[in-house]
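A closer look at the structure
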Amino acid sequence: TCAFAGQKKVLAAYEEAVKCGYSGARAGRLHTPHGVFDTPMFMPVGTQATVKAVSPRELKEMGAQIILSNTYHLYLRPGTELVAEAGGLHRFMDWDGGILTDSGGFQVFSLGPLRKITEEGAAFRSHIDGSTQFLSPEIAIKAQMNLGADIIMAFDECIPYPAEYQYAKLSTERTTRWAERSQKAHTRSGQALFAIVQGGMYQDLRRVSANDLVSLDFPGYGIGGLSVGEPKPVMYEMLEQTVPLLPENKPRYLMGVGTPDCLVEAVRYGIDMFDCVFPTRVARNGTAMTKSGRLVVKNAAYAKDFLPIDENCGCYACQNFSRAYIRHLLKADEIFGLRLTTIHNLYFLLDFTKKMRQAILEDRFLSFREEFLAQYCK
Ligand SMILES: CO[C@@H]1O[C@H](CNc2nc3cc4c(=O)[nH]c(N)nc4cc3[nH]2)[C@@H](O)[C@H]1O
Ligand SMILES: [Zn+2]
């Protein structure tokens, strides 16, 4: 094990990284105005200022540290000035942990129909009322300063998959110019602005994007343009090209990832932070995450199964309720049913990242990864 001192720099500083074995895996601590948090970490997604079906108290209980909200959604509804008048996002949603807001760079391209991208920014139609909207680096940064998250993201274009090399090249160069404009527009002290590496699925564009953004000196780096439908080996190849170019003493955040097998591979490449709608989204259709794969609690097979989802799980659902009960609630469209599967799935991923951190600190991450992948069926 080799430990290397981090630098206690401005917020979202990354320190005490402990590297392990011959992988890039590391355990660190992220400093923010709302606390110091352990990495690797999973961030529950609370797109519209709520993590669907669970309360802030339940999130705290299950060990959530930083949660994610989306500028795109809150900008359209209820408006970021309103949230600022309410005292900011922490007050508005009664969450005193860390908050990270995504800049809209992904949602505009995945949610807003009829979008048009120019050097200035992105015009799109609101998916809520069809009104014509426009986001630029300056507007996205102002909106995020209004929301008051601890970590905010530069405005970028998430390049669709697949994309022609020429398109990926021009888009990535524009995203770097947008990152610089985001930096200039960001005037709120006590808030960390992360840049987002793009480059499509092209190794050379990934390296150019990372090097250009590192020279602009951000306190942390998101890796974007992944988990957009590409095969997992392609995602891992892009990580292998990108992560080593990012400063070791700054956090790396893989956006939109993901399932436990992706998390353990990404941690091996040196990723520190993750977010994904997967655990909350699949919970709502009755699928539970376990260390050996997915368990569809709704299936008839569990009608008389009076065991918990996972006997070794410490979550509220597994400590108190059976598969038969949860299946009954889901079949009866009882809201409490999807609350229980959501609580279990979030706890599962939060606990999984805690276990990876422990394995790294004890210098046994590579065997942890082997054991996990051997029993997990994708
Ligand atoms: C595989 O699951 C689907 O895909 C999404 C997760 N994948 C993902 N890739 C992302 C890339 C970016 C990016 O390049 N830039 C910015 N600003 N934000 C991003 C957010 C991202 N989320 C889920 O929402 C789900 O629909
Ligand atoms: Zn559980």
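Structural data are supplied above this passage.
As a starting point, this report considers the structure included with it. (Residues numbered from 1 in each chain as written. Chains lettered and ligands numbered in written order. Predicted model: local features only at pLDDT ≥ 70, side-chain atom pairs only at ≥ 80, totals over all residues. Heavy atoms only, no water.)

1. Brief notes about the site of ligand 1
The local shell around ligand 1 holds 16 residues, among which Asp 102, Asp 156, Gln 198, Gly 225 and Leu 226 are the closest. At a separation of 2.7 Å, an oxygen atom of ligand 1 approaches a polar backbone atom of Gly 225. Take Leu 226: an N or O atom from its main chain is 2.8 Å from a nitrogen atom of ligand 1. Relative to its free-state accessible area of 540 Å², ligand 1 is covered by the protein chains to the extent of 78%. Across the shell around ligand 1, the residue classes tally to six nonpolar, seven polar and three charged. (Near = heavy atom within 4 Å. Polar contact = N/O pair within 3.5 Å; in protein donor to acceptor, adjacent residues only side chain to side chain. Areas by Shrake-Rupley, 256 points an atom, 1.4 Å probe, with all protein chains shown as cover. Nonpolar A, V, L, I, M, F, W, Y, C, P; charged D, E, K, R; others polar.)

2. Description of the sheet that holds strand β10 (residues 132-135)
Paired through backbone hydrogen bonds, the strands of a sheet run either parallel or antiparallel to each other. The sheet built from three strands is open, its strands ordered β8-β9-β10 with antiparallel pairing. Either end of the sheet is taken by a strand with one partner, and the two such strands are β8 (116-117) and β10. Examined bridge by bridge, β8 and strand β9 (residues 122-125) share two bridges and lie antiparallel to one another. Each residue of the ladder has a partner; that of Ile 117, found in β9, is Ala 122. (Pairing = 2+ DSSP bridges. Helix = DSSP H or I, 4+ residues; strand = E, 2+ residues; numbered from the N terminus.)

3. Examining unusual backbone geometry
Working note: non-glycine residues mostly have negative phi, and peptide bonds are mostly trans. Backbone torsion omega between Tyr 161 and Pro 162 reads -5°, so that peptide bond is classified as cis. Relative to the elements of secondary structure, Pro 162 occurs in the loop between β11 (151-153) and α7 (165-185). Put simply, Val 257 and Gly 258 share a cis peptide bond, and its omega is -5°. In this structure, Gly 258 sits in the loop between β14 (252-254) and α10 (260-268). A positive phi angle, near 55°, is found at Asp 363, a position not held by glycine. By secondary structure assignment, the location of Asp 363 is in the loop between α14 (335-361) and α15 (365-375).

4. Overview of the pairing of strand β6 (residues 66-70)
Buried residues dominate β6, accounting for five of its five residues. In β6, alternate side chains face the same way, and those of Ile 66, Leu 68 and Asn 70 on one face and Ile 67 and Ser 69 on the other are all buried. Strand direction decides the pairing type here: β6 and strand β7 (residues 98-102), joined by five bridges, are parallel. Paired with Asn 70 across the bridge in β7 is Asp 102. (Buried < 20%, exposed > 50% of the residue type's maximum accessible area, 1.4 Å probe, protein only.)

5. Things to note about the coordination of the zinc ion (ligand 2)
Six octahedral donors at a metal ideally form angles of 90 or 180 degrees, and four tetrahedral donors ideally form angles of 109.5 degrees. Around the zinc ion (ligand 2), the protein supplies Cys 313 (SG), Cys 315 (SG), Cys 318 (SG) and His 344 (ND1) as donor atoms, at distances of 2.1 to 2.3 Å. Angles of 100 to 118° at the metal separate the four donor atoms of the zinc ion (ligand 2), which places the site in the tetrahedral class. Mapping the donors of the zinc ion (ligand 2) onto the primary sequence gives the spacing C-x1-C-x2-C-x25-H. On the criterion of sequence distance, the pair formed by Cys 318 in helix α12 (residues 316-320) and His 344 in helix α14 is long-range, its members being 26 residues apart. (Donors = N, O, S within 2.8 Å, 3.2 Å for Na, K, Ca; no water. Tetrahedral: all angles 85-135°; square planar, octahedral: opposite > 155°, others 65-115°.)

6. Some remarks on α14
Residues three or four positions apart in an α-helix share a direction because the helix packs 3.6 residues into each turn. Counted at 1.5 Å a residue, the expected span for α14 with its 27 residues is 39 Å, and the 39 Å between its end C-alpha atoms agrees. Looking at the residues trailing α14, positive phi occurs at Asp 363, about 55°. (Expected span 1.5 Å × (residues − 1).)

7. Describing the layout of surface pockets
Empty space within the largest pocket amounts to approximately 930 Å³. Along its surface, the largest pocket is lined by 42 residues, and Phe 106, Gly 256, Asp 275, Val 277 and Arg 281 are the ones closest to its centre. Broken down by secondary-structure element, the contributors of at least two residues to the lining of the largest pocket are β6, α5 (107-110), α9 (232-242) and α11 (278-283). Looking at the lining of the largest pocket, the element that brings in the most residues is α11, giving three residues. Counted by class, the lining of the largest pocket contains 16 nonpolar, 18 polar and eight charged residues. (1 Å grid on protein atoms, 1.4 Å probe; cavity = no way out; pocket = protein on both sides within 12 Å on 5 of 7 lines; lining within 4 Å. Points joined across faces, edges and corners; volume = space filled by probe spheres on them.)

8. Looking at helix α13 (residues 323-331)
What α13 keeps buried is the set Arg 323, Ala 324, Ile 326, Arg 327, Leu 329 and Leu 330. Looking one or two residues beyond α13, the residue adopting positive phi is Asp 333, at roughly 55°.

Structural measurements only, silent on function.
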